[in-house]
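Survey of secondary and tertiary structure
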Amino acid sequence: MGLHLPEGYGRQRDEERGLDDDPAALEDVEGEIVCEDDAFDIPAKNAPRERLRRWRRAALVLNASRRFRYTLDLKREREKEDLTRKIRTHAQVIRAAFLFKEAGERGASGNASRGNSVASEGGFPISVDKLTALTREHDFTALKQYGGVKGLSHLLKTNTERGILGDETEILHRRSIFGENTYPQKKGRNFLVFLWEACQDLTLIILMVAAVISLVLGIKTEGLNEGWYDGGSIAFAVVLVVFVTAISDYKQSLQFQHLNEEKRNIHLEVIRGGRRIEISIFDIVIGDIVPLKIGDQVPADGIFVTGHSLAIDESSMTGEAKTVHKDQKAPFLMSGCKVADGFGNMLVTAVGINTEWGLLMANISEDNGEETPLQVRLNGVATLIGTVGLTVAAAVLIVLLARYFSGHTKNPDGTTQFIKGQTSANVALDDAIKILTIAVTIVVVAVPEGLPLAVTLTLAYSMRKMMADKALVRRLSACETMGSATTICSDKTGTLTLNQMTVVEEYVGGIKLCSSDNYNALSTTASSLLIEGIAQNTSGNVFEPEDGGAVEVTGSPTEKAILYWGIKLGMKFDVVRATSAILHVCPFNSEKKQGGVAIKLANFNVHVHWKGAAELILSSCTRWVDIDGSICAMDLDKVNEFKKSIEDMAAISLRCVAFAYRMCDLDEVPEEDKIDNWQLPDNELILLAIVGIKDPCRPRVKEAVQLCTAAGVKVRMVTGDNIQTAKAIALECGILDPGAALTESTIIEGRAFRALSESAREAIAEHICVMGRSSPNDKLLLVQALRKKGHVVAVTGDGTNDAPALHEADIGLSMGMQGTEVAKESSDIIILDDNFASVVKVVRWGRSVYANIQKFIQFQLTVNVAALVINVVAAVSSGDVPLNAVQLLWVNLIMDTLGALALATEPPTDKLMKRPPVGRREPLISNIMWRNLFVQAIYQVVVLLVFTFGGKSILNLKHDTSEHAEKVKNTFVFNTFVFCQIFNEFNARKPDEINIFRGVTKNYLFTGIIGFTFILQVLIIEFLGKFTSTVRLNWKLWLVSVAIALISWPLAVVGKLIPVPKVPLGTYLGRLSCWRHSR
């Protein structure tokens, strides 16, 4: 095994290669050596279970419960799947039995009505049990007996159109009677659990047993007053390590708990008092009317009220991957399912634990474990170092025992420690235990148990800080993968722009309306047709308060802009909708870029209204409505005139939307039972209007794009808008360079890209900067092509149809404000403010995670190398070690827990965005780190070994007694060693910078830990000598210790002037390792 531990392979490569390849296969990828049998190499997403088991079997672990705490619990996952299957089966059996019973009841004449007698509860004439049974059993008979959805709404004291009143008193009352929309969750582990897990470290257990034996023997031989120090000091040191470790782990756990609560807190709209308001999913109560649209999660169990083409994906509850259409005949909706198509309103009838989803979630504890590629790679590094450490510790144990029992080990006064036949068995056993504790403590220091956990620490810290930067991490591995991103495929609307849309240009009746005065020029026919299309062909809503307050418009930003424009035209939303009835709806489709509605007027005429991408609607029009209301033929000149107006609007960054309609005979409308499958006619349309909607670019988005470009991250715009609009916005945002030549491969339409062959798409993908009129499938094809070319792809998405691209990308970024729940669940990170600048901050944090881990590795390996070499050389040559068990435990605490806290929580710097992305296979230990490590380790080893062997004369201790001089020398070596680590922590902060103090005052945690370590070291030397086998040092020796440690700073500067080769050292080790395995 080499120290070059490649990062996770791409998902596609794993799927293609599988696990059956020759384990010793050797592959050369772009000049890099990849050893295929590397167990510590998993993909960033969707790692096969066998790969996860493989690395765990290969890892050298001293404390499995702590090391694997934040990894996927494979056994629990199997149990969860079995339990989910049982609950689903149980629910389906209940439902099937009830349907059978219902069929029998229908067949029996004069059977008593089960729903006629309704139990009253808390002022509501229906009980919780009846409601729960109604929805859980899909009891259609009972629903009819209650009077259908209208009758049930009266029982629940709500209105199917206006909802409940929604005042605080009513909400609390409903919550107290029917329950909250939450489910019992298993409490997080308390501090004692973490304390217990920290105690399970094998080496600490051995040390504690040795401490007890030493304590007993010491008291027996030296008496209670003096004999308890050796054993007691080791026990105290072990307890201190356990407590500090447990506190650190417990704080991490609290951070993850908080982040998981944020993930579950979905926000959605409900209708209360006639208006749409946004609330948390936890605030839903029975009786609420909830509007549902494509991509939403059904927030509770309920009954279909009204809607069109509403299709629900129930796979999360039934396990069957199919969509179920909901209407008055199949009205039951289950919590936790997703809206696959259409829209509608539902009446909430069961919440929380009374729903199947609540029952399922209450019985399944969420396993938040998830190993990341970096975490697994660090386990590989820890295993390698640990193997070396165990070997060294075993060698030290053998050498020290051999020297002791052969009579070559001397006391400080020069006498032999063990004399055969003279030394008592108790004394010999006590000395042997001391030797064993030294060897075991070397293992504690040598096996970097905290190294893989440092990833979790820095990820927890980064995730908490990213929340403040408006990014919610759903998948841990996405944090570190984002640091490797080479390209970002970004949406335009809402991400690069503000998503604050207004209609700024209008072409109605063949003329451009320059101001509201021109609206009066429109004929009644033209304006009424246009208003009819705006009011009926929308998923938005207009609420006019009865007190005459400001009109409230809800819906997507595009819908809101159009509805506000309709109000300017004189639209009375409720009046228009009341004068006609909706027959069928074809919801807006991101593939077709248009949406339609068929309505029946009071005179029984049928109008089919369409709204969508201007050039697409225009291509379907054969006539147009003049300003006077007359219908004119669409000749070629008029087509060109309309096209010119669209191009002019697109050139100034406007989104172009067209409105058209056609008349339809009532005979053409299918019967009611077939209307759901009716394909609305979209040919021979009559053009009503074309509008240009302005969506300004976000402030400072150009700077954010430039920052990405400087960091080696290519930003590409993928939008459904007109290619000219996309081009104008891309120029404004800095994605396109106005001075560069724009070719067909730079700016491309989605249909042109999808028409290419797979190889042609791969060839052109890297050159694409803007893709206009793209469908979600085009985005998926682009992501696949870029990944095959070796890019690490981040992609943004907000729609349900974006889910495949979000899932396929290395990092899927969904939009928190406009994104659907389907998109969010398919993503790795949710951008809470939909802002591209927040995406750039995620890139910074991703790079920071990798950089911080490297800092910690450099620091920890320096301590490892120095401590091991010093103790081994001293043990072999003199039979004693300058750093005893208690001292090494203190060093381990500095190196492990405190070091990780100090270095793994460094905030990101601007310099991170001035370097190229971290390569997929970039070694964890770079050549710069090797150089820094060797410079510091060699300096510490040389200096401290000189003092170990010649310290008495150098420190002028000849006049002291031999025993006291030995203690002073060892205390000085220990003190100097600790100070070297404290000063080296500053060097580790900036591995490749001369100024190691930049930003240190802003990192309060780092300065606090340095100060805490310094103070504790002083207390240990000056006041805890009995426990650590040290003596007090005079001020001169303190100054010398500090001065020696201080030299590490200028030495680091000199070291950074030494050039390093470009080829990573790990590559040569990787070749050697792979060659060995291939043999």
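- Per an unreviewed UniProt entry, the chain is named Calcium-transporting ATPase, and its organism is Canna indica.
- The Function (unreviewed entry) comment attached to the chain in UniProt states, word for word, "Catalyzes the hydrolysis of ATP coupled with the transport of calcium."

What to know about the overall build of the chain
- For the chain, the helix and strand inventory stands at 39 helices and 28 strands.
- For the chain, the residues scored as buried account for 56% of the 1079 residues in total.
- For the chain, contacts bridging at least 24 residues in sequence account for 73% of all contacts bridging at least 6.
- When the accessible surface of the chain is summed, it comes to about 44800 Å², and 57% of that surface belongs to carbon and sulfur atoms.

Here's the deal with the pairing of strand β18 (residues 606-613)
- In terms of burial, β18 is largely enclosed, as eight of its eight residues are buried.
- Hairpin connection between strand β17 (residues 594-601) and β18: a loop of four residues separates the two successive antiparallel strands, and F604 in this loop has a positive phi of roughly 70°.
- Where β18 and strand β21 (residues 654-664) come together, eight bridges link them in antiparallel fashion. Bridge assignment links H607 to a residue of β21, and that residue is M663.

Focus: the nonpolar core
- One finds I735, I811, I829, F836, I857 and F977 to be the most contacted residues of the largest nonpolar core, which totals 157 residues.
- Per-element tally for this core: the top contributor is helix α31 (residues 836-878), with 19 residues.
- Filtering out sequence-adjacent residues up to four positions away, I811 remains in contact with A478, T481, M482, A485, V792, V793, A794, V795, D828 and I829.
- Within the second largest apolar cluster, 43 residues are counted, among which are F124, I284, I312 and C337.

Overview of the pattern of salt bridges
- Summed over all chains, the structure comprises 32 salt bridges.
- As a salt-bridge pair, K512 and E505 come within 3.6 Å of each other at their nearest N and O atoms.
- Two residues, R754 and D778, come together in a salt bridge whose shortest N-O distance is 2.7 Å. Linking R754 in helix α26 (residues 750-754) with D778 in helix α28 (residues 776-788), this pair joins segments that are 24 residues apart in sequence.
- Given the relative accessible area of 0%, D778 is considered buried.

What counts and what doesn't
- Residues numbered from 1 in each chain as written.
- Predicted model: local features only at pLDDT ≥ 70, side-chain atom pairs only at ≥ 80, totals over all residues.
- Heavy atoms only, no water.
- UniProt positions renumbered as here; feature names shortened; annotations may be inferred.
- Helix = DSSP H or I, 4+ residues; strand = E, 2+ residues; numbered from the N terminus.
- Buried < 20%, exposed > 50% of the residue type's maximum accessible area, 1.4 Å probe, protein only.
- Contact = heavy atoms within 4.5 Å.
- Areas by Shrake-Rupley, 256 points an atom, 1.4 Å probe, with all protein chains shown as cover.
- Pairing = 2+ DSSP bridges.
- Core = buried A, V, L, I, M, F, W, Y, C linked by side-chain atoms within 4.5 Å.
- Salt bridge = Lys/Arg side-chain N within 4 Å of Asp/Glu carboxyl O.

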